[in-house]
Amino acid sequence: MNFYTRKWIKPEDLNPNGSLFGGTLLRWIDEEAVIYAIVQLGNPKVVTKYISEINFVSSAQQGDIIEMGIEAVQFGRTSLTMRCEVRNKITRKTILSIDKLVFVNLDEDGNPAPHHKTEITYAYMGIERNGE
């Protein structure tokens, strides 16, 4: 799993307990995952279909730097399934894990559409760069 996106936990990201608010983290994960799906499928019209159980393992505090990892695990006919891990950048301690995030490829009318992908290609808007 590659960890590309990092976030610095600031006061506005905290809950009343002084730790990272779970809703904020989930918003960041959904955004990271949809960007990953858009790049993989080469289509800006992708939507979140399903997110499995969310396992909050540990918390993050103000000043912590966290990193998000996303990995494609399955290509369906119209969907892409990924898994996610968020960890503390310095300690490498897992903060959260999600086994299954499913995104659906849409056509111009907003209907599920086949994407014809079977492996990670790092494609975007019809430009493919295999293995980069």
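Residues numbered from 1 in each chain as written. Predicted model: local features only at pLDDT ≥ 70, side-chain atom pairs only at ≥ 80, totals over all residues. Heavy atoms only, no water.

Quick reminder of the rule: UniProt positions are given in the numbering used here, feature names are shortened, and annotations may be inferred rather than shown by experiment.
Labelled according to an unreviewed UniProt entry, the chain appears under the name Acyl-CoA thioesterase, originating from Sphingobacterium phlebotomi. Taken from UniProt, the Sequence similarities (unreviewed entry) comment for the chain reads in full: "Belongs to the acyl coenzyme A hydrolase family."

1. Observations concerning the packing of aromatic side chains
Convention followed: Pairs were defined over the aromatic rings of Phe, Tyr and Trp, the Trp ring being its six-membered one, requiring ring centres within 6.5 Å. Orientation was assigned from the angle between planes: stacked under 30 degrees, edge-to-face over 60, tilted for the rest. In this scheme, Lys NZ or Arg CZ marks a charge over a ring once it lies within 6 Å of the ring centre and within 35 degrees of the ring normal.
The tally for this structure, following the rule as stated, stands at zero aromatic pairs. Here R87 stacks its cationic end above the ring of F3, 3.6 Å away from the centre of that ring.

2. A word on unusual backbone geometry
We apply this condition: For helices the rule is a DSSP run of H or I covering at least 4 residues; for strands it is a run of E covering at least 2, with both sets numbered from the N terminus onward. In this scheme, a residue with accessible area under 20% of its type's maximum is buried, one over 50% is exposed, and one in between is partly exposed, where area comes from a 1.4 Å probe on protein chains only.
Positive phi outside glycine occurs at R92, with the angle close to 65°. Relative to the assigned elements, R92 resides in the loop between β5 (79-88) and β6 (94-105). Judged by its relative accessible area of 44%, R92 is partly exposed. With phi around 60°, H116 is a residue other than glycine that occupies positive phi space. For H116, a relative accessible area of 72% corresponds to the exposed category.

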